[in-house]
Amino acid sequence: MTAVQDSVRTDGPAPVRLRLEDIDKANMAGDGNYLWRHSLPGAEIVLKVYYGNRSSLLYAKKTFGNVVLTGRTSHMPKARCAVEADCVRTWQSHGFRCFDIYPQVDVDGLPREGYMAFEYVPGKHFKDLFIDRSLPLEERMAIWRQFIPEWHRRHRIAVDTSDSRLIHENGDVKHVMLYEGGFVYFDFEMIYRSKDVRMLVGREICSYMRSVGRFFGPRLYERMLDDLVAHYPDSSLLLSAWDQAYRHNNPFMRFARWLDRMKPSNKKIYSKYRVAEDIASRLSKSSLTTG
């Protein structure tokens with residue numbers, strides 16, 4: 001993997017002030033933010049504008065849901081910008097590759113705390129990589145087995161340091177890519193504020209594996225889940241996927257999970273509860289085999 005750099009880049013483009021009207025506004029994102037790719041001398045950048053296509057009322061509504069109902073940080077644009085910068089610095093300080101930030105890029109017409117200029121990284125997203133039939137299946141699985149120990153290392157650091165910034169709040173196969181033989185992570189606009197980081201690890205594991213099932217289908221889901229259980233270095237930490245769904249440390253959360261399981265949508269094949277069950281059953285079989 002390439003050497004990890006500081007999240008704030010002093011190389012790349014020279015200090016530059018861009019005019020908003022000179023930027024090609026072909027949006028690379030879906031709803032929410034604007035992502036605009038732009039060429040500069042010495043660098044290709046992606047300008048991320050947190051004041052996206054949502055109304056102020058919707059930002060406020062989502063912030064209420066985040067802060068009051070789900071225990072996350074604010075959805076307001078300036079808050080998301082600040083959280084993302086903080087997370088990039090935190091992840092890279094522990095050796096995890098993220099999009100570097102170019103603070104020397106200023107844009108007239110945008111609030112300074114409402115956008116960031118990131119390096120453009122031409123990697124291959126997991127959501128595309130693992131269904132690419134031009135790559136042999138075993139080669140794709142080797143990449144997955146390479147990813148698993150790095151995934152565990154981040155989880156272990158997050159738990160040991162009680163740092164929820166190291167949990168990927170929007171973690172799934174859309175937000176990690178393969179680049180130059182290593183992995184690049186992105187999309188850190190919000191974090192969970194809970195100090196029970198082990199439960200957050202379990203949530204993230206379920207979120208990733210749910211996306212594996214939804215994007216890749218049952219055959220790859222089963223294979224990648226088997227490899228996860230076989231190669232994740234700490235089975236007790238992997239079991240946090242089950243714990244956060246069925247035996248949360250917080251009694252209120254246990255009751256909330258019980259109510260949540262009644263929803264028809266949470267009885268589907270790739271619900272977080274089914275994924276937690278699949279992981280727990282494999283861990284149980286593995287312990288019986290090795291015990």
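Rules used throughout
Residues numbered from 1 in each chain as written. Predicted model: local features only at pLDDT ≥ 70, side-chain atom pairs only at ≥ 80, totals over all residues. Heavy atoms only, no water. Helix = DSSP H or I, 4+ residues; strand = E, 2+ residues; numbered from the N terminus. Buried < 20%, exposed > 50% of the residue type's maximum accessible area, 1.4 Å probe, protein only. Areas by Shrake-Rupley, 256 points an atom, 1.4 Å probe, with all protein chains shown as cover. Lys, Arg positive; Asp, Glu negative; His and termini not counted. Charge placed at Lys NZ, Arg CZ, Asp CG, Glu CD. Domains from an automatic or database assignment. Contact = heavy atoms within 4.5 Å. Buried area = accessible area lost by both parts, 1.4 Å probe. Salt bridge = Lys/Arg side-chain N within 4 Å of Asp/Glu carboxyl O. Polar contact = N/O pair within 3.5 Å; in protein donor to acceptor, adjacent residues only side chain to side chain. 1 Å grid on protein atoms, 1.4 Å probe; cavity = no way out; pocket = protein on both sides within 12 Å on 5 of 7 lines; lining within 4 Å. Points joined across faces, edges and corners; volume = space filled by probe spheres on them. Phe/Tyr/Trp six-rings, centres within 6.5 Å; stacked < 30°, edge-to-face > 60°. Pairing = 2+ DSSP bridges. Axes fitted to C-alpha atoms, helices over the stretch in contact; angles between N-to-C directions. Patch = residues over 30% accessible without salt bridge, like charges linked within 9 Å, V, L, I, M, F, W, Y side chains within 5 Å.

### A word on the overall build of the protein
- Along the backbone of the protein there are ten helices and nine strands.
- Taken along the three principal axes of its C-alpha coordinates, the protein extends 65 × 45 × 35 Å.
- Out of the 291 residues belonging to the protein, those deemed buried represent 50%.
- With an accessible surface of roughly 13800 Å², the protein has 55% of that area assigned to carbon and sulfur atoms.
- Between the mean site of the 44 positive side-chain charges and the mean site of the 36 negative ones, the protein shows a separation of 7 Å.

### Describing the domain arrangement of the protein
- Structurally, the protein comprises domain 1 (3-119) and domain 2 (124-285).
- On a C-alpha basis, the centroid separation for the pair domain 1 and domain 2 is 25 Å.
- In this complex, domain 1 contributes 25 residues to the contact, which on the side of domain 2 involves 24 residues.
- With both sides pooled, the region where domain 1 packs onto domain 2 buries about 2200 Å², and carbon together with sulfur makes up 63% of that total.
- Run the count over domain 1 and domain 2 and you get four salt bridges.
- E169 is the salt-bridge partner of R72, the closest N and O atoms lying 2.6 Å from each other.
- Inspection of the domain 1/domain 2 interface yields 14 residue pairs in polar contact (both at pLDDT 80 or more).
- Where the side of domain 1 that touches domain 2 is concerned, the elements lending two or more residues are helix 1 (56-70), helix 2 (77-93) and strand 4 (97-98).
- For the side of domain 1 that touches domain 2, the leading source of residues is helix 2, giving eight residues.

### Observations concerning the layout of surface pockets
- For the largest pocket, the calculated volume is near 1000 Å³.
- What lines the largest pocket is a set of 39 residues, among which N33, L35, H175, D187 and E189 lie closest to the centre.
- Of all elements in the fold, only strand 3 (43-49), helix 1, helix 2 and strand 6 (115-119) reach the threshold of two or more residues within the lining of the largest pocket.
- Ranked by residues supplied to the lining of the largest pocket, first place goes to helix 1 with four residues.
- In terms of domain composition, the lining of the largest pocket takes at least three residues from each of domain 1 (3-119) and domain 2 (124-285).
- Of the pockets and cavities examined, the second largest pocket occupies roughly 810 Å³.

### Considering the packing of aromatic side chains
- Across all of its chains, the model carries 23 aromatic pairs by this definition.
- Both rings, one in W91 and one in F188, keep their centres 4.6 Å apart while their planes meet at 50 degrees; by these two values the pair is tilted. Here F188 lies in the loop between strand 9 (182-185) and helix 5 (197-216) and W91 lies in helix 2, a separation of 97 residues in the sequence. Neither W91 nor F188 differs from the other in exposure class; each is buried.
- Judged by centre distance (6.1 Å) and plane angle (35 degrees), the ring pair of F147 and Y208 falls under tilted. With F147 in helix 4 (residues 137-161) and Y208 in helix 5, the pair connects residues that are 61 residues apart, well separated along the chain.
- Relative accessible area serves as the criterion here: at 0%, F147 is assigned to the buried category.

### Details of the sheet that holds strand 3
- On the basis of which strands lie adjacent, the open sheet formed by three strands has the order 2-3-6 and antiparallel pairing. Looking along the sheet, the strands with just one partner apiece sit at the ends: strand 2 (34-40) and strand 6. Geometrically, the sheet is characterised by an average inter-axis angle of 25 degrees between neighbouring strands, direction not taken into account.
- The strands touched by helix 2 within the sheet are strand 3 and strand 6, with strand 6 carrying the most contacts at an inclination of about 30 degrees.

### Focus on the sheet that holds strand 7 (residues 124-125)
- Judged by pairing direction, the sheet is mixed, and its four strands sit side by side in the order 4-9-8-7 without closing on themselves. The two strands at the open ends of the sheet, each matched to only one other strand, are strand 4 and strand 7.
- Inspection of the sheet shows strand 8 (residues 176-179) paired to strand 9 by four bridges, in the antiparallel sense. Residue V176 lies in a different strand from strand 9, and its bridge partner there is Y185.

### Some details on a nonpolar patch on the surface
- On the surface, F64, V67, V68 and L69 cluster together to form a nonpolar patch covering roughly 400 Å² of accessible area.
- Mapped onto the elements, V67 comes out in helix 1.
- On the accessibility criterion, V67 (37% relative accessible area) is partly exposed.

### Let's talk about the pairing of strand 2
- Taken together, the seven bridges between strand 2 and strand 3 define a ladder with antiparallel strand orientation. By the bridge assignment, H38 is partnered in strand 3 with I45.
- Between strand 2 and strand 3, which pair antiparallel one after the other, the connecting turn spans two residues, and G42 there sits at a positive phi close to 90 degrees.

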